[in-house]
Amino acid sequence: MAKNPHILPQIDTTDGMQFGLYSLGDHVPNPNTGERLSAKERLDQIVQLATAAEQAGLDIFHVGESHQEYFVSQAHMVILSAIAQATKNIRIGSATTIVSTSDPVRTFEDAATIDLLSNGRMEIVAGRASRLGLFELLGYNKADYGELFEERFNLLLAINENETINWSGKYRAPLHEAHVIPRPDSAKQGLPIWRAVGGRADSAIKAGDAGVPMYITTLGGKLENFTYAVSEYRKHAQAAGYDTDELPLTTAGFLYLDTHQQRAEETFFPYVDQAMKRANGVGFSRLQYSQIKDTDSTLNIGEPQLVIDKLLAQYEAFGMQRYVAQIDFGGQSTKQIMQTLELLATKVIPTVKKYTKKK
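No experiment lies behind these values; they were computed from the predicted model shown. (Residues numbered from 1 in each chain as written. Predicted model: local features only at pLDDT ≥ 70, side-chain atom pairs only at ≥ 80, totals over all residues. Heavy atoms only, no water.)

Chemist: Can you lay out the packing of aromatic side chains for me, pointing to particular residues and giving the numbers?
Modeler: What the rule picks out here adds up to nine aromatic pairs. Ring geometry for Phe19 versus Tyr323: centroids 6.1 Å apart, planes at 75°, classification edge-to-face. Of this pair, Phe19 sits in strand E1 (residues 18-23) while Tyr323 sits in strand E11 (residues 322-326), and the two are 304 residues apart along the sequence. In this structure, Phe19 and Tyr323 share a single accessibility class: buried. Every member of this aromatic cluster is reached through a ring pair, and the members are Phe254, Tyr256, Phe268, Phe269, Phe284, Tyr289 and Phe329. Over the face of the ring belonging to Phe153 we find Arg195, whose NZ or CZ atom lies 5.8 Å from the ring centre. (Phe/Tyr/Trp six-rings, centres within 6.5 Å; stacked < 30°, edge-to-face > 60°. Helix = DSSP H or I, 4+ residues; strand = E, 2+ residues; numbered from the N terminus. Buried < 20%, exposed > 50% of the residue type's maximum accessible area, 1.4 Å probe, protein only. Lys NZ or Arg CZ within 6 Å of the ring centre and 35° of its normal.)

Chemist: Describe the side chain of Gln261, and please don't skip the residues or the numbers.
Modeler: By secondary structure assignment, the location of Gln261 is in helix H8 (residues 261-280). For Gln261, the side chain forms a polar contact with the side chain of Glu265, separated by 2.9 Å. Once residues within four sequence positions are removed from consideration, Gln261 is found in contact with Lys293, Ile301, Gly302, Glu303 and Leu306. (Polar contact = N/O pair within 3.5 Å; in protein donor to acceptor, adjacent residues only side chain to side chain. Contact = heavy atoms within 4.5 Å.)

Chemist: For the nonpolar core, give the residues involved together with the corresponding values.
Modeler: Counting 76 residues, the largest nonpolar core has Phe19, Leu21, Leu58, Phe61, Ile83 and Leu344 as the members making the most contacts within it. Considering every element that reaches this core, the biggest residue donor is helix H11 (residues 334-356), with eight residues. Excluding residues that lie within four positions of it along the chain, Leu58 makes contacts with Phe19, Gly20, Leu21, Ala53, Ile90, Leu341, Leu344, Ala345 and Ile349. One finds Tyr256, Phe268, Val272 and Ala275 within the second-largest nonpolar core, a separate group that totals 15 residues. (Core = buried A, V, L, I, M, F, W, Y, C linked by side-chain atoms within 4.5 Å.)

Chemist: Give a detailed account of the pairing of strand E8 (residues 214-217), specifying residues and quantitative values.
Modeler: As paired elements, strand E7 (residues 193-197) and E8 share three bridges and run parallel to each other. Residue pairing in the sheet places Val197 in a bridge with Ile216 of E8. At this point the chain moves from E7, through helix H6 (residues 201-210), to the parallel E8, and the crossover so formed is right-handed. Looking at chain direction, E8 and strand E9 (residues 249-257) are connected through four bridges and run parallel. (Pairing = 2+ DSSP bridges. Right-handed = clockwise from strand over helix to strand, strands pointing away.)

The following block contains the structure:
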């Protein structure tokens, strides 16, 4: 096998699969009361959740960016910088940074600075954007969606691995002996950079061909909807000469917990339905929701034992090293969010780690 040329995250699964949380910073009214936090209150809530995740022993906290109404995460690197200062040990990262509409030099500068401020805890998850309004807002052509991402993602990788770089491309001015600083924590060669995949096999294949770690979002539907992309990722990585045992996989998706299954089902739907309507203009699929009790559903909603069974089924199907949950969506109160976190940390994670730890 070829030595992987990219900087890979060091994920220790000796004690079992790693767990984390991610927030996209959606900023919507509570569907039951109509009340909405102020932008400052929502930002404070995200930082509070990150500190609570650290106290609960989770491994990582991610913040993604979105440039549209009903979100507060436009400057997600600034939010991550605040989290870096509010925490001490939990790893932090972007999920996702929309590389297509972000200059790779600035993205690296921001992320490397946060890495230094956090004493080496920063990762980047680079994505293509599922909501395209930011292309017009930031002055890009949606017709260049795919090409923009591939060129800029590859440039970001090159900057990460070379302090001085020469480069030319189609969508950015050339770089001649460019010295891109600051560099990350001196104990590391560079930042771990993941490729975000929304379930499509074509993007998973490109991640495998390049030998980069993959971060796949599983927001709903059955396991079989995602197993093909995961298997193609590993198949193409192996064909390209990479050791697939060294390439980590993260899965990410919605999670909501309650001690009573029926109450969880009834309570959860208005929040996720509103979150999807506000973000994409289309509510959550009733068909996917009807499968909520099936262990082969990737929608991790319900009482702790059901979610444990779901996560173990997903681990069996995907073999991921890390699972990252979105628990703060749809206008939920801080009390609800913290209830899910407590049940996740005390009921779900210990059991899942027990069954996924290295023998």
